[in-house]
Amino acid sequence: MGSKKVSKIGVLTSGGDAPGMNAAIRAVVRTGIYNGLEVFGIMRGYSGMIDDDIHPMNSRSVANIIQRGGTILKTARSMVFMEAEGRKLAYENLRKRGIDGLVIIGGDGSFKGAQKFSNEFDIPCIGLPGTIDKDIAGSDFTIGFDTAVNTAVEAIDKIRDTADAHDRLFIVEVMGRDAGYIALHSGIATGAENILIPETETDIEELIQSLSEQEKRKKLVNIIVVAEGDKYGANEISSIVKKRLPSADTRVCILGHIQRGGSPTCLDRLIASRMGFAAVECLLNGTNNVMVGILNNQLHYTPLDHAIKAKQKISEDWLRIVKILAS
Ligand code: F6P
């Protein structure tokens, strides 16, 4: 907690886009204006701060966006902001407009930037977890995760139809650079026979054994969901399986960026709205350097460095559920 109150705030989206970011922007703008603040939209994340691409916003600027994927403020991963010189330029652009508080909607890379910036300059920063990966501690959900999982579920259900028709083994790769949450949730929800995630060591022998046992039991349809960040990607798993189990009719499907787009689910719109509202309240009451999250359906505030470092732990229960239900 600090003591500095704000009168003009900036909002930006940074890193990979996530469905629900627009709902969060809308909440920040409207809560800010309700409280008598001036609100500025910063384009393309930290790049817009450096390039002075900063624009006043009003309630109408955020009309009709709550249901839209992507981000009206656009997004980027700025390398220049990682340099002290870039951050200084960004600070000067904020100061000349009198912007004295920031809301950063993004993932761990964006929070690292925010932390450096608020330590160097007298501008409080509040983070909102906007990432489909859910690789941040201090919140049960991150903005975009629920939509991405539902997109993956819809796709895997469709894959199962064709897998079933041909008695095929499908290896489906879902997003998640360092985290297996999309794989875990979508895999359980679609009844995947195997789920491979970076948080646990993937044991190829165990996988081959489970596939051969299923083959013996005449279980010919098989879905393996693999997280992008797993030690083995879908293509590598496929070539191993083809070598070791040549009788399996194996196909690969990499879902890719389809998981980042689309209209946000109700859950993503709700958490984004609550978090955006809470971010402005934080700035109004002098809080600095925290991420707003939701834990057990309550707003929760985590220091930015903890949110980045701690990540979320996948509990043993989840992993046991996968094994038992896929049998
Ligand atoms: O962080 C979100 C994410 O979608 C990851 O799951 C993925 O690894 C990465 O972004 C892809 O980034 P880009 O769109 O820059 O290729």
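Look up a bit, the structure's there.
Residues numbered from 1 in each chain as written. Predicted model: local features only at pLDDT ≥ 70, side-chain atom pairs only at ≥ 80, totals over all residues. Heavy atoms only, no water.

### Re the pattern of salt bridges
Okay, so step 1: Counting across every chain of the model gives 13 salt bridges.
Okay, so step 2: Of the charged contacts, one joins Arg-97 and Asp-52 as a salt bridge, the two residues approaching to 2.6 Å between their closest N and O atoms. Of the two residues, Arg-97 sits in helix H3 (residues 84-97) while Asp-52 sits in the loop between helix H2 (46-51) and strand S3 (54-57), which places them 45 residues apart along the sequence.
Okay, so step 3: Judged by its relative accessible area of 26%, Asp-52 is partly exposed.
Okay, so step 4: In this structure, Lys-231 engages Glu-201 in a salt bridge whose closest nitrogen and oxygen atoms are separated by 3.2 Å. One end of the pair, Lys-231, is in the loop between strand S8 (222-227) and helix H8 (234-244); the other, Glu-201, is in the loop between strand S7 (194-196) and helix H7 (204-216), with 30 residues separating them in the sequence. Here Lys-231 and Glu-201 have matching classes, each one exposed.
Okay, so step 5: Within the structure, one salt-bridge network assembled from shared partners comprises Asp-52, Lys-96 and Arg-97. (Salt bridge = Lys/Arg side-chain N within 4 Å of Asp/Glu carboxyl O. Helix = DSSP H or I, 4+ residues; strand = E, 2+ residues; numbered from the N terminus. Buried < 20%, exposed > 50% of the residue type's maximum accessible area, 1.4 Å probe, protein only.)

### Regarding H3
Okay, so step 1: In a regular helix each residue adds 1.5 Å, so 14 residues correspond to 20 Å; H3 covers 21 Å between its end C-alpha atoms and thus fits that length.
Okay, so step 2: Here H3 has its buried residues at Gly-86, Arg-87, Ala-90, Asn-93 and Leu-94. Taken end-on, H3 shows its buried residues confined to a sector of 120°, consistent with a single buried face. H3 presents Glu-85 and Lys-96 as exposed residues on the side facing more than 90 degrees away from its buried surface.
Okay, so step 3: Looking at the buried positions of H3, the neighbouring elements they touch are strand S2 (38-42), H2, S3, strand S4 (101-106) and helix H4 (108-120). (Expected span 1.5 Å × (residues − 1). Arc of directions from axis to C-beta. Contact = heavy atoms within 4.5 Å.)

### Some details on the sheet that holds S7
Okay, so step 1: Spatial ordering of the open sheet is given by S7-S8-S6-S9, a layout of four strands whose pairing is parallel. Unpaired on one side and paired on the other, S7 and strand S9 (250-254) mark the two borders of the sheet. Across the sheet, the mean angle from the axis of one strand to that of its neighbour is 15°, orientation sign disregarded.
Okay, so step 2: Bridge analysis of strand S6 (residues 169-174) against S9 gives five bridges, and the strand direction is parallel. (Pairing = 2+ DSSP bridges. Axes fitted to C-alpha atoms, helices over the stretch in contact; angles between N-to-C directions.)

### A few points about the nonpolar core
Within soluble globular proteins, side chains that are nonpolar tend to cluster in buried spots.
Okay, so step 1: Formed by 62 residues in total, the largest nonpolar core has its most connected members in Val-11, Leu-128, Ile-182 and Ile-223.
Okay, so step 2: Apart from residues no more than four positions distant in its own chain, Val-11 is found in contact with Val-28, Val-29, Val-39, Phe-40, Gly-41, Ile-42, Met-57, Leu-73, Val-103 and Ile-105.
Okay, so step 3: One finds Met-49, Ile-54, Ala-114 and Phe-117 within the second-largest nonpolar core, a separate group that totals 24 residues. (Core = buried A, V, L, I, M, F, W, Y, C linked by side-chain atoms within 4.5 Å.)

### Some words on the packing of H3 against H4
Okay, so step 1: Where H3 contacts H4, the axes come no closer than 11 Å and their chain directions differ by 65°. For the element pair H3 / H4, the angle class is roughly perpendicular. By crossing handedness, the relation of H3 to H4 is classed as right-handed. Each of Arg-87, Ala-90, Tyr-91 and Leu-94 in H3 lies in contact with H4, whose residues at this interface are Lys-116, Phe-117 and Glu-120.
Okay, so step 2: Here the contact of H3 with H4 is built from residues that sort into four nonpolar, no polar and three charged. (Parallel < 35°, antiparallel > 145°, perpendicular 65-115°, else oblique. Left-handed = near helix turned anticlockwise from the far one by under 90°. Nonpolar A, V, L, I, M, F, W, Y, C, P; charged D, E, K, R; others polar.)

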